[in-house]
Amino acid sequence: MHGIFSLPARAYRRLRNDGIRDLLFYTRLYVAEQITEPLYARIRQRLYRRRYGSAAPEPYDLVVVDTKDVNKMLCRPQSRRVWHGTYIRGGDWDINERDEQLYYDNDFEQVFDELTVIDLENYVFYRSVREHVRNDVPWEETEFYQWITDNLGLVPYYENEELIQRRLKGLDELCASIREDGYRTQRELQNDGSAPFSARTDPCPEYHEVIINIGRDGQFLFEEGRHRFCVAKALGLEIPVRIFVRHKQWQQKVASLTNEPGGNTNVDHPDVDSPV
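Definitions and limits used
- Residues numbered from 1 in each chain as written.
- Predicted model: local features only at pLDDT ≥ 70, side-chain atom pairs only at ≥ 80, totals over all residues.
- Heavy atoms only, no water.
- Patch = residues over 30% accessible without salt bridge, like charges linked within 9 Å, V, L, I, M, F, W, Y side chains within 5 Å.
- Areas by Shrake-Rupley, 256 points an atom, 1.4 Å probe, with all protein chains shown as cover.
- Salt bridge = Lys/Arg side-chain N within 4 Å of Asp/Glu carboxyl O.
- Helix = DSSP H or I, 4+ residues; strand = E, 2+ residues; numbered from the N terminus.
- Buried < 20%, exposed > 50% of the residue type's maximum accessible area, 1.4 Å probe, protein only.
- 1 Å grid on protein atoms, 1.4 Å probe; cavity = no way out; pocket = protein on both sides within 12 Å on 5 of 7 lines; lining within 4 Å.
- Points joined across faces, edges and corners; volume = space filled by probe spheres on them.
- Nonpolar A, V, L, I, M, F, W, Y, C, P; charged D, E, K, R; others polar.

### A word on a nonpolar patch on the surface
And step 1. Residues L39, Y40, I43 and L47 make up a contiguous nonpolar surface patch of roughly 380 Å² in combined accessible area.
And step 2. Assignment of secondary structure puts L39 in helix 2 (residues 20-52).
And step 3. On the basis of relative accessible area, L39 is assigned to the partly exposed category, the value being 39%.

So, in structure tokens, the structure goes:
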């Protein structure tokens, strides 16, 4: 209840500091995150259970994925800010590939105007993290650092040299934490307020896990949670992830395997095996 009563004060501060446009934007975002999107997610889940029975995906179940098997990335014209539930969608979103380079986030670079798949080798942030983690290349010598310092003010949290160094120090701390303690889920990290890039206290910490999508042939497409994912991939780890979108053709294949006695015994795919 305390959070509800603090809303008017927070709204007033937002209006005073950032203006009416920002206030309206964050008001819509708050309503979507707290009311409409959770409601739509529950409705979708009921429909999926009717259609796919026991093969219907559970929205916050985690699937352990070997990051070596994730070599593509799904880029949106505008990043999502709300990640409730799970989706099953047809169409060509999983095969619309382009040989383009992305430095950090399409929200700021405006490279793609539609859902687009790129190779992770074309993702400069990942390449830079890998070079730093595996080969001890100083951050200042990476492509990402050069780009972000040439574009100060473009990306939140990297708006000046002090913030850049603070963010990169957080990445180093994240890498050290994973090396020392292993990759921990958001639920495991929830009570560790000092853990870098971990979720705040949340009744469903799985909401904040790394987001992966699955294409029609079972191909993994990374989408969200770039810091944890890129560090984990650079270290060659298996990690628990949440599947946000499954292609309809893939879901139909999973359903046929699940509903057929012994049907999934010869299928080697984490989404067919039991979730975490």
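### Examining the pattern of salt bridges
And step 1. In the structure shown here, the tally under the stated rule is 14 salt bridges.
And step 2. A salt bridge links D119 to K72; the nearest nitrogen and oxygen atoms lie 2.4 Å apart. Of the two residues, D119 is situated in strand 4 (residues 116-119) and K72 in strand 2 (residues 72-75); the sequence distance between them amounts to 47 residues.
And step 3. Classification of D119 as partly exposed rests on a relative accessible area of 32%.
And step 4. In this structure K72 comes out as buried when scored by relative accessible area, which is 15%.
And step 5. The salt bridge involving E206 is made with R187; its shortest N-O contact spans 2.7 Å. Taken together, the positions of E206 in the loop between helix 7 (186-189) and strand 5 (211-214) and R187 in helix 7 put the pair 19 residues apart, joining distant regions of the chain.
And step 6. E206 sits in the buried class, given a relative accessible area of 13%.
And step 7. Accessibility expressed as a relative area gives 45% for R187, which makes it partly exposed.

### Focus on empty space enclosed by the protein
And step 1. Counting across every chain of the model gives 2 cavities of 30 Å³ or more.
And step 2. Of the pockets and cavities examined, the largest cavity occupies roughly 150 Å³.
And step 3. Lining of the largest cavity is provided by 16 residues; of these, L74, S79, D105, E223 and R226 occupy positions nearest its centre.
And step 4. Put simply, the parts of the chain that give the lining of the largest cavity at least two residues each are strand 2 and strand 6 (220-224).
And step 5. Of the residues assigned to the lining of the largest cavity, the class counts are 8 nonpolar, 2 polar and 6 charged.

Nothing here speaks to function; it is geometry throughout.
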